[in-house]
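One-letter residues, chain by chain:
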Amino acid sequence: MTGVQTCALPIFLGGDTTDDTAANSTTEESASPSEGDFGTCYVSIGDCSYTTDYDGNRVIIVNYEFTNNSDEATSFIVETMSTAYQDGVEIDSSYSMYDIDVVNNGEYDTESTMRNVQPGATTTVQEAYVLTNDTSDILVEVSPFLTGEEITITKTFSQQ
């Protein structure tokens, strides 16, 4: 399978959700938002798609919006740390996405996280992660890299 499949609707984290039934009107705890200001940059976790990498592994491609808020050119990979989990266990980034139709058709940019962005500019970057199964949700987390700030943004994608 070399084509891209669009993700099922993501489960958004953040904000309060109230049950509509009169018998049970509880409010869930606030969760992490899916976008945030990290000082030197602003990041939003966008949508995703599914495909297969060069080795035949099923992968999720996650899109991020990255805005450089610093005074000099920098990149997503320098300013942030992104991690994906399935069943509570970190999943690997896919590094074998170089010779497949998804890349050749421009649907996945393998170098987008490394490109420098000028101050004030915004770009879309993508990361691919190897899935461990075809059913479990994927939790994506992004935090500032080496700043000491305790900010984390998250978004969960459902394969259902």
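Within each chain, residues carry numbers counting from 1 in the order of the written sequence. Where totals are concerned, whole chains, interfaces and linings use all residues; where local detail is concerned, this predicted model gives features only for residues with pLDDT of at least 70, and gives and counts side-chain atom pairs only at 80 or more. Excluding hydrogens and water, the side-chain figures rest on all heavy atoms present in the structure.

Trainee: Help me understand unusual backbone geometry in this model?
Mentor: Generally, phi is negative for residues other than glycine and the peptide bonds are trans, each holding for most cases. Notably, Asp87 is not glycine yet its phi reads approximately 55 degrees, a positive angle. Each helix is a run of DSSP H or I of at least 4 residues and each strand a run of E of at least 2, with the numbering of both proceeding from the N terminus. If you trace the backbone, Asp87 turns up in the loop between strand S5 (80–86) and strand S6 (89–91).

Trainee: Looking at this structure, how should I read the nonpolar core?
Mentor: Burial of nonpolar side chains together is a common tendency in soluble globular proteins. For our purposes a nonpolar core is just a set of buried Ala, Val, Leu, Ile, Met, Phe, Trp, Tyr and Cys residues, chained together by side-chain atoms within 4.5 Å. Whether a residue is buried, partly exposed or exposed follows from its accessible area with a 1.4 Å probe, protein chains only, as a fraction of its type maximum: under 20%, in between, or over 50%, in that order. Counting 22 residues, the largest nonpolar core has Val43, Ile60 and Tyr64 as the members making the most contacts within it. If you list the elements that add at least two residues to this core, you get strand S3 (41–52), strand S4 (58–68), strand S7 (122–130), strand S8 (138–144) and strand S9 (153–157). Per-element accounting of this core gives the leading share, five residues, to S3. Ranked by size, the runner-up nonpolar core spans eight residues in total, among them Met97, Val102, Val103 and Tyr108.

Trainee: When you look at the pattern of salt bridges in this model, what are you seeing that I'm missing?
Mentor: Side chains that differ in sign of charge can pair as their charged atoms come close. A pairing counts as a salt bridge when a side-chain nitrogen of Lys or Arg comes within 4 Å of a carboxyl oxygen of Asp or Glu. In total, this model carries two salt bridges according to the counting rule given. Across the salt bridge formed by Asp134 and Arg58, the nearest N and O atoms sit 3.5 Å from each other. You can see Asp134 sitting in the loop between S7 and S8 and its partner Arg58 sitting in strand S4, a full 76 residues away along the chain. The partner of Asp109 in a salt bridge is Arg115, and the shortest N-O contact between them spans 2.6 Å.

Trainee: Got a minute to help me understand the environment of Tyr85 in this structure?
Mentor: Locating Tyr85 in the fold gives a position in strand S5. Spatially, the C-alpha atoms of Tyr85 and Thr156 are 9.3 Å apart, while their sequence positions differ by 71 residues. We call two residues in contact whenever any of their non-hydrogen atoms come within 4.5 Å of each other. Apart from the residues within four sequence positions on either side, Tyr85 is in contact with Glu90, Ile91, Asp137, Ile138, Leu139 and Glu141.

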